[in-house]
Amino acid sequence: MTRRIDPSWVVFVSIENPEHDRCVDLFHRSGASFGFEEFRRDAEDAGRWTPVGSFAGAAYGSADLAYAAAERVVPWLAEVLAADPSLRKRPI
């Protein structure tokens, strides 16, 4: 697991799309809400992950709602999850 956004938000799954150097992190906040953020691998910045858009500010009441929102907003995510349903993990 990674903590790419805020140290108090625990990422429970990172789903990568290596074809496009993109990643979506789904995370759990200490206030019992969930969120997601999309990143791109920045070749100009030594391969570090750089946030795309600003989705981390939205809060969802469950992991399922965060997944649904992420799939609506991130064009490639639904296809990756459909191809490998085991990537759809839940927080511990």
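Cut-offs and rules
- Residues numbered from 1 in each chain as written.
- Predicted model: local features only at pLDDT ≥ 70, side-chain atom pairs only at ≥ 80, totals over all residues.
- Heavy atoms only, no water.
- Helix = DSSP H or I, 4+ residues; strand = E, 2+ residues; numbered from the N terminus.
- Rg over C-alpha atoms; globule rule 2.2 N^0.38 Å.
- Buried < 20%, exposed > 50% of the residue type's maximum accessible area, 1.4 Å probe, protein only.
- Contact = heavy atoms within 4.5 Å.
- Phe/Tyr/Trp six-rings, centres within 6.5 Å; stacked < 30°, edge-to-face > 60°.
- Polar contact = N/O pair within 3.5 Å; in protein donor to acceptor, adjacent residues only side chain to side chain.
- Pairing = 2+ DSSP bridges.
- Axes fitted to C-alpha atoms, helices over the stretch in contact; angles between N-to-C directions.
- Arc of directions from axis to C-beta.
- pLDDT = per-residue confidence, 0-100.

**Observations regarding the overall build of the protein chain**
For step 1, the next point in the chain: Across its full length, the protein chain carries two helices and four strands.
For step 2, the next point in the chain: Put simply, the protein chain runs from its N terminus to its C terminus through helices and strands in the order β-β-β-β-α-α.
For step 3, the next point in the chain: Since a compact globule built from 92 residues should have a radius of gyration of about 12 Å, the 12 Å found for the protein chain is in line with a globular shape.
For step 4, the next point in the chain: Reported as C-alpha extents along the three principal axes, the dimensions of the protein chain are approximately 35 × 30 × 20 Å.
For step 5, the next point in the chain: Out of the 92 residues in the protein chain, the part that is buried amounts to 39%.
For step 6, the next point in the chain: For the protein chain, the proportion of contacts with a sequence separation of at least 24, taken over those separated by at least 6, is 38%.

**Considerations on the packing of aromatic side chains**
Given two aromatic rings, their pairing is described by the distance between the two centres and the angle made by the two planes.
For step 1, the next point in the chain: The full count for this structure, using the stated rule, is five aromatic pairs.
For step 2, the next point in the chain: Centroid distance Phe12 to Phe34: 6.1 Å. Interplanar angle 85 degrees. Geometry classified as edge-to-face. One end of the pair, Phe12, is in strand 1 (residues 10-17); the other, Phe34, is in strand 3 (residues 34-42), and 22 residues separate them in sequence.
For step 3, the next point in the chain: Summarising the aromatic geometry, the rings of Phe12 and Tyr67 are spaced 6.3 Å apart at their centres and angled 70 degrees between planes, so their arrangement reads as edge-to-face.

**Quick look at the side chain of Glu38**
For step 1, the next point in the chain: With respect to the helices and strands, Glu38 occurs in strand 3.
For step 2, the next point in the chain: Note on Glu38: relative accessible area 5%, which makes it buried.
For step 3, the next point in the chain: Engagement of the side chain of Glu38 in a polar contact is seen with the side chain of Trp76, the distance being 3.0 Å.

**Here's the deal with the sheet that holds strand 2 (residues 22-28)**
For step 1, the next point in the chain: Within the open sheet, the four strands sit side by side as 1-2-3-4. Their pairing is antiparallel. Every other strand in the sheet has two partners, leaving strand 1 and strand 4 (48-52) as the edge strands with one partner each. Going across the sheet, the axis of each strand differs from the next one's by a mean of 35 degrees, ignoring polarity.
For step 2, the next point in the chain: Strand direction decides the pairing type here: strand 1 and strand 2, joined by seven bridges, are antiparallel. Counted as the bridge partner of Val11 is Phe27 from strand 2.
For step 3, the next point in the chain: Helix 1 (residues 63-73) contacts strand 1, strand 2 and strand 3 of the sheet and is inclined by roughly 40 degrees relative to strand 3.

**Digging into the environment of Ser8**
For step 1, the next point in the chain: Within the secondary structure, Ser8 sits in the segment before strand 1.
For step 2, the next point in the chain: If we ignore the near neighbours within four places in the chain, the residues touching Ser8 are His28 and Ser30.

**What to know about helix 1**
An α-helical turn contains 3.6 residues, so a residue and the one three or four places further along point in the same direction.
For step 1, the next point in the chain: Within helix 1, the full set of buried residues consists of Ala63, Ala66, Tyr67, Ala69 and Ala70. Each buried residue of helix 1 sits inside an arc of 165 degrees when the element is viewed along its axis, so together they form one side.
For step 2, the next point in the chain: Residues of helix 1 that are buried in the fold lie against strand 1, strand 2, strand 3 and helix 2 (77-83).

**A short note on the confidence of the model for the protein chain**
For step 1, the next point in the chain: Per-residue confidence for the protein chain averages 84 on the pLDDT scale, and 91% of its residues sit at or above 70.
For step 2, the next point in the chain: Mean pLDDT across the elements of the protein chain bottoms out in strand 4 (80) and peaks in helix 1 (94).

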